[in-house]
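# Descriptive analysis of the structure
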Amino acid sequence: MKDIEIKVQLREYESEQEMNSEDLSLLLKAREALSYSYSPYSNFKVGAAALLRNGEIILGSNQENASFPAGICAERSAIYNAAHQFKGIPLIKMAITVFTDDFEVSSPIAPCGVCRQVLLETELQQDQEIEIILQGSKGKIYTLSSARSLLPIYFFEKGLKKTN
Ligand code: THU
């Protein structure tokens, strides 16, 4: 028997002023994505911006539906949008932010479990880590160096792949 400790490291910035310009501009793009959110049921807008290795930035936002499970999160909307438009180009960084006028979100918001799983598989398939930038509507920013750091124990089995 042994105990295994898994460490997750993240970097915290007090404000945007401390960030490097590439991360900050991606975060601003994620804020821009908030305006495309369709979230009449939760009144909680989520915006995501994905930077690809070719320099393209693809936006995503949460899209809800009266049939609640039919909605999609901002992160997956950006990932699938990028996969569709730029198949095979690695996704190297994603910024995620939120806005609601119901309450103040002053701490970073992290992706849900389903989005972590999708980020993780994207990372494994492209063999390139995805840096993650998280902020609420204002305040502190967290950065993490990979999707795996958000989901250190994960479901992924190469044996599930179809043999061809
Ligand atoms: N949402 C996201 O877009 N990303 C997440 O990681 C968590 C939740 C959305 C889904 C729904 O439209 C709203 O936030 C409230 O749950």
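Each remark here, short or long, concerns the structure printed above.
Residue positions are given per chain, counting from 1 as you read along its sequence in written order. Reporting in this predicted model follows two pLDDT cut-offs: at least 70 for local features of residues, and 80 or more for side-chain atom pairs to be given and counted; totals over whole chains, interfaces and linings ignore these cut-offs and use all residues. The side-chain values count all of the structure's non-hydrogen atoms but skip hydrogen atoms and water molecules.

Attention now moves to the pairing of strand S3 (residues 57-61). Strand pairing is assigned whenever DSSP identifies at least 2 bridges connecting the two strands. By the criteria applied, helices consist of DSSP H or I runs no shorter than four residues and strands consist of E runs no shorter than two, each listed in order from the N terminus. Two strands pair when backbone bridges link them, and strand S2 (residues 45-52) and S3 are joined in this way by 5 bridges, in the antiparallel orientation. Directly across from Gly 47, in S3, lies its bridge partner Ser 61. From the end of S2 to the start of S3, which pair antiparallel, there are 4 residues, and Gly 55 there has a positive phi angle of about 90 degrees.

The next subject is the side chain of Ser 39. In this fold, Ser 39 is placed in the loop between helix H1 (21-33) and S2. Beyond its immediate sequence surroundings of up to four residues, Ser 39 is in contact with Phe 44, Lys 45, Asn 62 and Glu 64. Note on contacts: a residue pair is in contact if any heavy atoms of the two residues lie within 4.5 Å.

Let's shift gears to unusual backbone geometry. The backbone of Asn 43 shows a phi angle near 55 degrees, a positive value even though the residue is not glycine. Structurally, the position occupied by Asn 43 is in the loop between H1 and S2. A positive phi angle, near 55 degrees, is found at Asp 127, a position not held by glycine. If you trace the backbone, Asp 127 turns up in the loop between helix H3 (113-126) and strand S5 (131-135). Using a 1.4 Å probe on the protein chains alone, a residue whose accessible area is under 20% of its type maximum counts as buried, one over 50% counts as exposed, and one in between counts as partly exposed. A relative accessible area of 73% means that Asp 127 is categorised as exposed.

Another point: the site of the ligand. To be near a molecule or strand, a residue needs just one of its heavy atoms within 4 Å of it. Residues in contact with the ligand, as listed here, are Ser 42, Phe 44, Val 46, Asn 62, Glu 64, Cys 73, Ala 74, Glu 75, Pro 111 and Cys 112. Think of a polar contact as two N or O atoms within 3.5 Å of one another; within protein, one of them needs to be a possible hydrogen donor and the other a possible acceptor, and neighboring residues in sequence only count if both atoms come from side chains. At 2.9 Å from an oxygen atom of the ligand is found a side-chain nitrogen or oxygen belonging to Asn 62. Side-chain polar atom of Glu 64 to an oxygen atom of the ligand: 2.5 Å apart, as the coordinates give it. The method behind every accessible area is Shrake-Rupley, applied with a 1.4 Å probe, and residues are considered shielded solely by the protein chains displayed. For the ligand, the protein covers 74% of the area, taking 380 Å² as the surface of the free molecule. Only Asp, Glu, Lys and Arg are considered charged in this grouping, and only Ala, Val, Leu, Ile, Met, Phe, Trp, Tyr, Cys and Pro are considered nonpolar; every other residue, Gly among them, is considered polar. Looking at the shell around the ligand residue by residue, the classes come out as 6 nonpolar, 2 polar and 2 charged.

Glancing now at the pairing of strand S6 (residues 141-144). As paired strands, strand S1 (residues 11-13) and S6 are joined by 3 bridges and run antiparallel to one another. Bridged to Glu 12 within S6 is Tyr 142. Here S5 runs beside S6; their pairing, made up of 4 bridges, is antiparallel. Within S6, the position partnered with Ile 132 by the bridge is Leu 144. The turn joining S5 and S6, which pair antiparallel and follow one another in sequence, is formed by 5 residues; a positive phi near 90 degrees is taken by Gly 139.

Turning to its location among the elements, Val 8 is positioned in the segment before S1. A residue is classified by how much of its surface remains accessible, and Val 8, at 44% relative accessible area, is partly exposed. The spatial distance from the C-alpha of Val 8 to the C-alpha of Asn 54 is 28 Å, given a sequence separation of 46 residues. Val 8 has contacts with Leu 144, Ser 149 and Pro 152, leaving out every residue within four places of it along the chain.

On to the sheet that holds S3, then. Through backbone hydrogen bonds, the strands of a sheet pair up, either in parallel or in antiparallel fashion. The strand order across the open sheet built from 6 strands is S1-S6-S5-S4-S2-S3, with neighbouring strands paired in mixed fashion. The sheet terminates laterally at S1 and S3, the two strands that pair on one side only. Adjacent strand axes in the sheet meet at a mean angle of 15 degrees, parallel and antiparallel pairs treated alike. A fitted line through C-alpha atoms represents every axis, and for helices the fit uses only the stretch in contact; the resulting angles, taken between N-to-C directions, go from 0 to 180 degrees.

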